Amino acid sequence: MANIVVVGVQWGDEGKGKVVDLLTESAHVVARYQGGHNAGHTVIIKNDKFVLHVIPSGILHKGKTCIIGNGVVIEPKSLIEEIEGLKNRKIYVGKNLFISSVAHIIMPYHAMLDGKNEEAKRERKIGTTGRGIGPAYVDKMARIGFRMGELLDNKRFREKLKTNLKDVNFLLEKKYNHNKLSLEKVYSQYMQYAEYLAPFITDTVVLLNNLIEKGKKVLFEGAQGTLLDIDHGTYPYVTSSSASVGGVCTGLGVSPKRIDGIVGVMKAYTTRVGEGPFPTELTDQLGEDIRLKGGEYGATTGRPRRCGWLDFVSLKHAIRINGFTSIALTKLDVLDELDTIKICSAYTYEDPYKRCECSKKGVACRFTDMPQDAKVLEACRPVYREFNGWKTSTQGVKKLKDLPKQARVYIDYISEALNVNIDIVSTGQRRDEVIILHNPFKS
Ligand code: GDP
Ligand code: IMO
Ligand code: MG
């Protein structure tokens, strides 16, 4: 297949970085289509650990073209630090990296407002990464945001900054009792970033489409996951971009006709960082054990990730929206020591308003489709199917036949019940700890 998308199936951190790194071998170009430095994509090569935030994970392979698309929001300081961090580790970043001139810029006030908004929401907070992602996308939609290309026109940038700061400073001072931002300080800081980033900024829509036209293979790299998607996730406990497959076309300016395959990265259990409904969450010792064994701490913020069982109701939703042609099942090895493994096949729900037919009959509703309202989802209880654990190490297993029988039963059940092709099974953090049944790039 010529061009494939890598998408998170759950609430992010499924191991997209590792899968992108694996598949980059078969690609010429890796392009990020949404999100910002809220993402943390980990790639382990031998004993070296890299965490990519905005730069496509393909940068770690020599000779690949890496594109940061228009759908991404960019915080220049952190991007420069990311570039410098890679360079310091002898990773080439230069003529292989291209930044969309129409990608929106995260300004200093976006992070401030992110923090203040969260504070104001108190117990209804989202648990954002605090990186200013939401407020940057708000300005994009309000048509007052800065785009990367505007960094290159200092006069225009200054004028617009002056206008924007009038409103921002009013809000900071009057609503949040916070010091005003200085026009001169922000302006001179951003002009320094402009000087550094100018050589990377270009029309990536023309670039990418020309590369596709020439027959180059592209890997479209998603950040976050389907359940964090602004439209299809557990709103309002989501991020502010289109993390599912639809984001590729808007976030990179490519036609859906250019997408040949869609790889969903699915953790063998479920995690979530931040607030929001999570019907299969384990709040007991078992949840702690999985967190410890799986190293489930945020790659960007270091926050402990909430852990729980695989959830077929939400997975079916993600499959419906994305139409995965392949699944990469990750972190199977994390389940190695468990006696019993559970999969949620449905939810039960007691309607507090007793409006539905079930309540009238005095029984709980049973959902096999994910409710769209987070309030309803919060009140859903999982119905489980149990599997025996395999109680054998699968770490580093490279062939399906070498997996313990019960692990194969678990994988086969997921594949059959969800009607998906599991083409990759990841059995450890490292690049070579993986079973590749089929390379999604090869049709
Ligand atoms: P991403 O945001 O989807 O790229 O995922 P993160 O990098 O935030 O989190 C995934 C974590 O799981 C990272 O620490 C990876 O090194 C690790 N990881 C990926 N695949 C596997 C696997 O198969 N087994 C284990 N034990 N760890 C894995
Ligand atoms: P990767 O790409 C997991 C979560 C935050 C919060 C919500 C909104 O590494 O999978 P935001 O800062 O985006 O406004 O926060 O989204 N979140 C992620 N969770 N992985 C991510 O990225 C995430 N990016 C954002 O924790 O719940
Ligand atoms: Mg991550």
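So, how was this worked out
- Residues numbered from 1 in each chain as written.
- Chains lettered and ligands numbered in written order.
- Predicted model: local features only at pLDDT ≥ 70, side-chain atom pairs only at ≥ 80, totals over all residues.
- Heavy atoms only, no water.
- Helix = DSSP H or I, 4+ residues; strand = E, 2+ residues; numbered from the N terminus.
- Rg over C-alpha atoms; globule rule 2.2 N^0.38 Å.
- Buried < 20%, exposed > 50% of the residue type's maximum accessible area, 1.4 Å probe, protein only.
- Donors = N, O, S within 2.8 Å, 3.2 Å for Na, K, Ca; no water.
- Phe/Tyr/Trp six-rings, centres within 6.5 Å; stacked < 30°, edge-to-face > 60°.
- Near = heavy atom within 4 Å.
- Polar contact = N/O pair within 3.5 Å; in protein donor to acceptor, adjacent residues only side chain to side chain.
- Areas by Shrake-Rupley, 256 points an atom, 1.4 Å probe, with all protein chains shown as cover.
- Salt bridge = Lys/Arg side-chain N within 4 Å of Asp/Glu carboxyl O.
- Pairing = 2+ DSSP bridges.
- Core = buried A, V, L, I, M, F, W, Y, C linked by side-chain atoms within 4.5 Å.
- Domains from an automatic or database assignment.
- Contact = heavy atoms within 4.5 Å.
- Axes fitted to C-alpha atoms, helices over the stretch in contact; angles between N-to-C directions.
- Parallel < 35°, antiparallel > 145°, perpendicular 65-115°, else oblique.
- Left-handed = near helix turned anticlockwise from the far one by under 90°.
- Nonpolar A, V, L, I, M, F, W, Y, C, P; charged D, E, K, R; others polar.
- Buried area = accessible area lost by both parts, 1.4 Å probe.

### Points about the overall build of the chain
Step number 1: Of regular secondary structure, the chain possesses 13 helices and 20 strands.
Step number 2: Against the compact-globule benchmark of 22 Å for 443 residues, the chain has a radius of gyration of 22 Å, which places it among compact chains.
Step number 3: Its C-alpha atoms put the chain at 65 × 55 × 40 Å along the principal axes.
Step number 4: When each of the 443 residues of the chain is scored for burial, the buried share is 56%.

### Quick look at the coordination of the magnesium ion (ligand 3)
Step number 1: Around the magnesium ion (ligand 3), the protein contributes the donor atoms Asp-13 (OD) and Gly-40 (O), at 2.1 to 2.2 Å from the metal centre. Placement of Asp-13 in the loop between strand 1 (3–8) and helix 1 (16–24) and of Gly-40 in the loop between strand 2 (29–32) and strand 3 (41–45) is noted, with a sequence separation of 27 residues between them.
Step number 2: The class of Gly-40 is buried, set by a relative accessible area of 13%.

### Some remarks on the packing of aromatic side chains
Two descriptors summarise a pair of aromatic rings, namely the distance from one centre to the other and the angle between the planes of the rings.
Step number 1: All chains considered together, the criterion is met by nine aromatic pairs.
Step number 2: Geometrically, the ring pair formed by Trp-390 and Tyr-410 is tilted, given 5.9 Å between the ring centres and 50° between the ring planes. In this pair, Trp-390 sits in the loop between strand 18 (381–388) and helix 13 (405–418) while Tyr-410 sits in helix 13, placing the two residues 20 residues apart along the sequence. The pair formed by Trp-390 and Tyr-410 is uniform in burial state, with each residue classed as buried.

### Topic: the site of ligand 1
Step number 1: In the vicinity of ligand 1 there are 19 residues, among which Lys-16, Gly-17, Thr-42, Asp-333 and Ser-426 approach most closely.
Step number 2: For ligand 1, an oxygen atom lies 2.9 Å from a polar atom in the backbone of Gly-15.
Step number 3: With respect to ligand 1, the side chain of Gln-429 contributes an N or O atom lying 3.0 Å from an oxygen atom.
Step number 4: Relative to its free-state accessible area of 580 Å², ligand 1 is covered by the protein chains to the extent of 94%.

### Considering the pattern of salt bridges
Step number 1: Per the stated rule, a full pass over the model turns up 23 salt bridges.
Step number 2: Taking the shortest distance from any N to any O, the salt bridge between Glu-337 and Lys-293 comes out at 3.5 Å. Of this pair, Glu-337 sits in the loop between strand 15 (326–330) and strand 16 (340–349) while Lys-293 sits in helix 9 (residues 285–294), and the two are 44 residues apart along the sequence.
Step number 3: A residue is classified by how much of its surface remains accessible, and Glu-337, at 56% relative accessible area, is exposed.

### What about the sheet that holds strand 9 (residues 201–202)?
Step number 1: Judged by pairing direction, the sheet is mixed, and its ten strands sit side by side in the order 9-7-5-2-10-1-11-15-19-20 without closing on themselves. This sheet does not close on itself; its edge strands, each paired only once, are strand 9 and strand 20 (434–436).
Step number 2: As paired strands, strand 19 (residues 422–426) and strand 20 are joined by three bridges and run antiparallel to one another. Across the sheet, Ser-426 pairs through a bridge with Val-434, a residue of strand 20.

### Notes on the nonpolar core
Step number 1: Ranked by size, the top nonpolar core spans 52 residues in total, and within it Phe-220, Leu-332, Tyr-410 and Ile-414 carry the most contacts.
Step number 2: Residue assignment places this core across two domains, with domain 1 (3–100 + 201–264) and domain 3 (267–442) each supplying three or more.
Step number 3: Apart from the residues lying within four places of it in its own chain, the contact partners of Tyr-410 are Ala-268, Leu-310, Leu-332, Leu-335, Ile-341, Ile-343, Phe-387 and Trp-390.
Step number 4: In terms of nonpolar packing, the next biggest core, distinct from the first, is built from 45 residues, Ile-91, Leu-97, Ile-105 and Leu-183 among them.

### Describing the packing of helix 3 (residues 108–121) against helix 5 (residues 154–175)
Step number 1: For the pair helix 3 and helix 5, interaxial distance at closest approach is 11 Å and the crossing angle is 20°. As the angle between them shows, helix 3 and helix 5 are arranged roughly parallel. Of the two elements, helix 3 crosses helix 5, and the hand of that crossing is left-handed. Contact residues: helix 3 offers Tyr-109, Met-112 and Leu-113, while helix 5 offers Leu-161, Asn-164, Leu-165, Val-168, Leu-171 and Leu-172.
Step number 2: Of the residues that constitute the contact of helix 3 with helix 5, the class distribution is eight nonpolar, one polar and no charged.

### Notes on the domain arrangement of the chain
Step number 1: Domain boundaries in the chain define domain 1 (3–100 + 201–264), domain 2 (104–197) and domain 3 (267–442).
Step number 2: If you average the C-alpha positions of domain 1 and of domain 2, the two centres end up 24 Å apart.
Step number 3: Domain 1 puts 27 residues into the contact, and the matching count from domain 2 is 20 residues.
Step number 4: Of the roughly 2,000 Å² buried between domain 1 and domain 2 on both sides combined, carbon and sulfur atoms contribute 66%.
Step number 5: For the domain 1 face of the interface with domain 2, the top three residues by lost area are Val-73, Ile-201 and Tyr-237, together amounting to 31%.
Step number 6: There are zero salt bridges connecting domain 1 and domain 2.
Step number 7: For the interface between domain 1 and domain 2, the tally reads six residue pairs in polar contact (both at pLDDT 80 or more).
Step number 8: For the side of domain 1 that touches domain 2, the elements supplying multiple residues, two or more each, are strand 6 (73–74), helix 2 (76–88) and strand 7 (97–100).
Step number 9: The leading source of residues in the side of domain 1 that touches domain 2 is helix 2, at seven residues.
Step number 10: Across the side of domain 1 that touches domain 2, the residue classes tally to twelve nonpolar, eleven polar and four charged.

### Section: the site of ligand 2
Step number 1: Taken together, 20 residues lie near ligand 2, and Lys-16, His-41, Thr-129, Gln-224 and Thr-239 sit nearest.
Step number 2: The separation between an oxygen atom of ligand 2 and a polar side-chain atom of Lys-16 is 2.7 Å.
Step number 3: Here an oxygen atom of ligand 2 and a backbone polar atom of Gln-224 are 2.8 Å apart.
Step number 4: Across the complex, the protein chains shield 97% of the 550 Å² of accessible surface that ligand 2 would expose by itself.
Step number 5: Of the residues contributing to the shell around ligand 2, the split by class is seven nonpolar, ten polar and three charged.

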